[in-house]
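# Architecture at a glance
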Amino acid sequence: DKGNHRHFMQKEIYEQPVVVAQTLQSYLRPLDGKVALPIPDSDLADIRRVTIVACGTSFYAGMVAQYWIERFARVPVEIDVASEYRYRDPVMEEGGLALFISQSGETADTLAALRHAKAGGQKVAVVVNVPTSSMAREADLLLPTHAGPEIGVASTKAFTCQLAVLAALAANLARAKGRLSEEEERRIVRHLAEAPAALNGALAYDEMIEKMAHMIAGARDVLYLGRGPDYPLALEGALKLKEISYIHAEGYAAGEMKHGPIALIDEAVPVIVLAPSGPLFEKTVSNMQEVQARGGRVVLISDYDGIAQAGDNCLATITMPKVHPLIAPLVYAIPVQLLAYHVAVVKGTDVDQPRNLAKSVTVE
Ligand code: M6R
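Residues numbered from 1 in each chain as written. Predicted model: local features only at pLDDT ≥ 70, side-chain atom pairs only at ≥ 80, totals over all residues. Heavy atoms only, no water.

The name that an unreviewed UniProt entry assigns to the chain is Glutamine--fructose-6-phosphate aminotransferase [isomerizing], with the source organism given as Sphingomonas oleivorans. The UniProt entry for the chain carries the following comment under Subcellular location (unreviewed entry): "Cytoplasm". Taken from UniProt, the Function (unreviewed entry) comment for the chain reads in full: "Catalyzes the first step in hexosamine metabolism, converting fructose-6P into glucosamine-6P using glutamine as a nitrogen source." (UniProt positions renumbered as here; feature names shortened; annotations may be inferred.)

Here you go:
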């Protein structure tokens, strides 16, 4: 049932504040300022390496997790798409945790990779939205997202719920490895607990984004740029737009522009820049200015301070609530989802069932 919404995708975008709160509830104890995964710290303490494997949007959630796990837990992380991981003869050492992320828990490539890792002696953890799925059954450690059924082929609420679980996992692993003070843990829990309200704040810009969609809908190509944990969000934004509006889009690490893609820049290619305030803001803005200096038309997504500082000369700006950099990837998912959604509606495509795609890809 779509309720008051025109499409399942729109409904699922709007569910995010509630379902992310639901998911966080089972991994955080806000009153004690603790993260609480369903596994004793002693079972995590000897993990020496994490391998993250997934496909599509779930893979991008994994890319964000790589930043978090390395930063907080200081455990090396490798990440690959499932279709590559399975066939590249990966090195599996003792003390390896293989982490699989999947909304459906049935994606054939990811499931095959899971079995491969298990056979290689890795401890297997899964972040899945369907608790009865094959991946859930075959895992040593099951970390469910509580997003509820996701119907739209374009994944939205499953993604932000995956991020919520992965942030808790990173913090819990850090604590188990003795890398997190009580104070730091308390702070992380507090920032995560603020995410649902921030997601609500981000949804308030829906109408503005809807208007902006008319400017993007005529483009043949669109670029998305981000840095650090918001670089995967640029990839996610581009994937969402491709999937449902059929506009060619690419996501890049902002710093990579001058190594090639900047050659594409002209006034016909809108460039969406994701730049929350934080340690990477200045660098991202300088990459954005390189684009503008070559006639590129930029849509800047930032918070009030960021837009006050760098919003001049942009084609348009989208103001997000000002949040701690830890939760920015969750919050910035909303405008990229909404932009893709409204562009697709303007173009009149089949938003919930885009051509050539299936909700669950059960063939390799
Ligand atoms: O069910 P999964 O999370 O394993 O699915 C992985 C991808 O097929 C999926 O994320 C796909 O990229 C979505 N259609 C993206 O919106």
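### Some words on the site of the ligand
Taken together, 14 residues are adjacent to the ligand, and Ser58, Ser102, Gln103, Thr107 and Glu243 come closest. Gln103 places a main-chain nitrogen or oxygen 2.6 Å from an oxygen atom of the ligand. If you list the elements that add at least two residues to the shell around the ligand, you get α4 (56-73) and α12 (231-245). Here the residues of the shell around the ligand are counted per class, giving four nonpolar, eight polar and two charged. (Near = heavy atom within 4 Å. Polar contact = N/O pair within 3.5 Å; in protein donor to acceptor, adjacent residues only side chain to side chain. Helix = DSSP H or I, 4+ residues; strand = E, 2+ residues; numbered from the N terminus. Nonpolar A, V, L, I, M, F, W, Y, C, P; charged D, E, K, R; others polar.)

### Concerning the side chain of Ser134
Positionally, Ser134 belongs in helix α7 (residues 134-138). Classification of Ser134 by relative accessible area gives buried; the value is 9%. In this structure the side chain of Ser134 is engaged in a polar contact, spanning 2.6 Å, whose partner is the side chain of Glu106. Aside from chain neighbours lying at most four places away, what touches Ser134 is Gly105, Glu106 and Leu111. (Buried < 20%, exposed > 50% of the residue type's maximum accessible area, 1.4 Å probe, protein only. Contact = heavy atoms within 4.5 Å.)

### Things to note about the environment of Gly296
For Gly296, the position within the fold is in the loop between α13 (281-292) and β11 (297-303). C-alpha of Gly296 to C-alpha of Ala268: the two residues are 28 residues apart in sequence and 7.9 Å apart in space. In contact with Gly296, other than residues within four places in its own chain, are Ile265, Asp266 and Val291.

### Some remarks on the nonpolar core
In terms of nonpolar packing, the biggest core is built from 100 residues, with Val50, Trp68, Ile69 and Tyr224 touching the most fellow members. Top element by residues in this core is helix α8 (residues 157-176). It accounts for 14 residues. Apart from the residues lying within four places of it in its own chain, the contact partners of Tyr224 are Ala234, Gly237, Ala238, Leu241, Ala249, Glu250, Gly251, Tyr252, Ile272, Val336 and Leu339. Core analysis: the next-biggest nonpolar cluster, separate from the first, contains 19 residues, Ala254, Met257, Ile262 and Val285 among them. (Core = buried A, V, L, I, M, F, W, Y, C linked by side-chain atoms within 4.5 Å.)

### Thoughts on the packing of helix α11 (residues 206-216) against helix α15 (residues 328-347)
Put simply, α11 and α15 touch, their axes get as near as 8 Å, and they point 55° apart. Relative to α15, α11 is oriented oblique. In terms of crossing hand, the pair formed by α11 and α15 is right-handed. Across the interface between the two elements, Asp206, Ile209, Glu210, Ala213, His214 and Ile216 of α11 pack against Pro335, Leu338, Leu339, His342, Val343 and Val346 of α15. Each residue belonging to the contact of α11 with α15 can be placed in one class, and the counts come to eight nonpolar, two polar and two charged. (Axes fitted to C-alpha atoms, helices over the stretch in contact; angles between N-to-C directions. Parallel < 35°, antiparallel > 145°, perpendicular 65-115°, else oblique. Left-handed = near helix turned anticlockwise from the far one by under 90°.)

### Notes on the sheet that holds strand β7 (residues 141-144)
Ordered by their spatial adjacency, five strands build an open sheet running β4-β3-β5-β6-β7, and the pairing between neighbours is parallel. Edge positions in the sheet fall to β4 (77-81) and β7, since each has one partner strand and no second. Strand-to-strand, the axes of this sheet are offset by a mean angle of 20°, without reference to chain direction. Two elements, strand β3 (residues 49-54) and strand β5 (residues 96-102), share six bridges in a ladder whose sense is parallel. Bridging from a neighbouring strand, Thr51 pairs with Ala98 of β5. Where α4 meets the sheet, its contacts fall on β3, β4 and β5, and the angle it forms with β4 comes to roughly 175°. On the sheet, helix α6 (residues 108-119) packs against β3, β5 and β6 (123-128) and is oriented at approximately 165° with respect to β5. (Pairing = 2+ DSSP bridges.)

### Some words on the sheet that holds strand β12 (residues 316-320)
Overall, parallel pairing links the five strands, which are arranged β9-β8-β10-β11-β12 in an open sheet. In this open sheet, the two edge strands, each paired with only one partner strand, are β9 (248-253) and β12. For this sheet, the mean angle separating the axes of adjacent strands, direction not counted, is 20°. Summarising the sheet, strand β8 (residues 221-226) and β9 pair through six bridges and their orientation is parallel. From the neighbouring strand, Asp221 faces β9, where its bridge partner is His248. Where α12 meets the sheet, its contacts fall on β8, β9 and β10 (270-274), and the angle it forms with β9 comes to roughly 175°. Along the sheet, α13 makes contact with β8, β10 and β11, crossing β11 at roughly 165°.

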